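Architecture and fold: a report
The primary structure of each chain is shown beneath.
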Amino acid sequence: MVKTGLIGIGGMGRGHLANLVRFTSEGEIIKLVAACDIDPTRFENGERQFNIDIGGDAIDFSKFACYTDYDEMIEKEDLDMVIIALPTYMHKEATLKCLDKGINVLCEKPMSLTPADCEEMLAKAKAVGKRLMIGQVLRFWGEYETLKEYIDNKTYGEVTGAYFFRGGSLPVWSYQNWLMKRECGGGATHDQHVHDVDMVNYLFGLPDAVSTVGKIIIPGSGHDSVSTNYIYPDNKVVNAQDDWTMQDDVFHMNYRVNFEKGTMQFRDDGLYVSAEGEVPHKIECDPENGYYKEAKYFANLIENPDMVNTINPPEDSMATIRLVCAEEYSADHHGEVTKL
Ligand SMILES: NC(=O)c1ccc[n+]([C@@H]2O[C@H](COP(=O)([O-])OP(=O)(O)OC[C@H]3O[C@@H](n4cnc5c(N)ncnc54)[C@H](O)[C@@H]3O)[C@@H](O)[C@H]2O)c1
């Protein structure tokens, strides 16, 4: 049983908490031992408040230890694993502290704001011989797992073009409004768009260069709307866009990938395919929530020291941050083509 602590019970942490409670009640691989948030009111409300419905019951905070200081939690509790769901600018410090205590770390995306931070996190994990993984959850998300499978198997031949979109309304609920401060969250590019950037990296590898147009709409928040062209040696047309200023309460994540012999489209209502010799149809994907699968995969890595992290290695997450930073540079320079 992997004894687990959670740090940060805000928007994302609440989702992890619901999964950790579920794991604990299932009595299988993960046991929730302790949770921490600097804000004690986070322990007063058992509601699951999360923008993606991941199921589960109300949370009973008397079933595990609650802390308002994570230094105290990692000092006092005997933990095998922590999930860090703190604001992004706190990821590096918390990761280093937990690794130093000999605790394996599953840290939320984005890994950090700069490649230099990521290198430090990776070097620490190697130095102490503990596991580190970043919550690039799309790698565990049914519709994206299916896409990866179809691309790798060349089911419809080679990819000729791909478009990814992510967006919704402005996130104005965060702790001390960190999400609206570029130096804390990195804007929509680091915070939201990073999911699709990581998917582009996962599916196609790093491109030779990027060109990004970014619009700053809210002063001080970073780029709130971005569009990137990823330039590959074979000239496949890859573009990803993000906009977190939409006048729409529904959160969208979509893609359209074109192959030589078929087109896959992940719309708001599911994944559809049209292909040569096939009647257009919907593809049923794994409905399990990606955060649950991601945590389970990480716990399995901890339980099985010889298991290689082939799905979501932290080196990939670091490369994704390099890519995000190249996009930021390009966006700050009017779409300048920026080499990786
Ligand atoms: N994987 C995903 O799909 C996804 C979705 C949302 C957010 N995230 C990521 O999760 C992280 C957290 O985002 P969020 O939306 O939950 O932010 P949030 O502001 O809603 O929550 C942050 C929480 O951290 C707490 N906190 C702040 N300082 C603390 C400290 N020193 N010790 C303990 N607790 C502290 C705050 O009180 C708050 O409850 C970010 O990195 C974000 O990018 C990931």
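Before any of the text, the structure's been laid out above.
Quick summary incoming for the structure in this document.

The rules behind these values
- Residues numbered from 1 in each chain as written.
- Predicted model: local features only at pLDDT ≥ 70, side-chain atom pairs only at ≥ 80, totals over all residues.
- Near = placed C-beta within 6 Å.
- Helix = DSSP H or I, 4+ residues; strand = E, 2+ residues; numbered from the N terminus.
- Nonpolar A, V, L, I, M, F, W, Y, C, P; charged D, E, K, R; others polar.
- Domains from an automatic or database assignment.
- Pairing = 2+ DSSP bridges.
- Contact = placed C-beta atoms within 7 Å.
- Axes fitted to C-alpha atoms, helices over the stretch in contact; angles between N-to-C directions.
- Core = buried A, V, L, I, M, F, W, Y, C linked by C-beta atoms within 7 Å.
- Buried ≥ 20, exposed ≤ 12 C-beta atoms within 10 Å, placed from the backbone.

Side note on the site of the ligand
Residues in close proximity to the ligand total 24 residues, the closest being Gly10, Gly11, Met12, Ser174 and Tyr175. When residues of the shell around the ligand are assigned to their parent elements, the largest contribution, three residues, is made by helix α1 (residues 11–26). Among the residues making up the shell around the ligand, the classes are represented as 11 nonpolar, seven polar and six charged. Each of domain 1 (2–135 + 292–296) and domain 2 (139–288 + 319–339) accounts for three or more of the residues forming the shell around the ligand.

Some details on the sheet that holds strand β9 (residues 225–231)
With respect to topology, nine strands assemble into an open sheet ordered β14-β13-β12-β11-β7-β10-β9-β8-β15, the strand pairing being mixed. Each having just a single partner strand, β14 (281–283) and β15 (338–339) make up the two edges of the open sheet. Taken together, the four bridges between strand β11 (residues 252–259) and strand β12 (residues 262–267) define a ladder with antiparallel strand orientation. From the neighbouring strand, asparagine 258 faces β12, where its bridge partner is threonine 263. Contacts from helix α7 (residues 187–204) reach β7 (159–167), β8 (209–215), β9 and β10 (237–243), with the element oriented near 160 degrees to β10. Here helix α9 (residues 314–332) sits on the sheet and contacts β8, β9 and β15; the angle it forms with β8, its principal contact strand, is near 60 degrees.

Section: the sheet that holds strand β6 (residues 132–135)
The six strands are arranged β3-β2-β1-β4-β5-β6 in an open sheet whose pairing can be described as parallel. Bordering the open sheet on either side are β3 (65–67) and β6, each of which pairs with just one other strand. Geometrically, the sheet is characterised by an average inter-axis angle of 25 degrees between neighbouring strands, direction not taken into account. Of the pairings in the sheet, the one linking strand β5 (residues 104–108) to β6 comprises four bridges and is parallel in character. Residue pairing across strands places glutamate 108 opposite glycine 135, the latter belonging to β6.

Looking at the nonpolar core
Grouped together as the largest cluster of nonpolar side chains are 81 residues, with contacts concentrated most on Leu6, Ile7, Ile84 and Val105. When residues in this core are grouped by element, the largest group, seven residues, is from helix α8 (residues 290–303). Taken domain by domain, this core gets at least three of its residues from each of domain 1 (2–135 + 292–296) and domain 2 (139–288 + 319–339). Among residues more than four places away in sequence, those in contact with isoleucine 7 are Cys36, Tyr70, Val82, Ile84, Ala85, Leu86 and Ala94.

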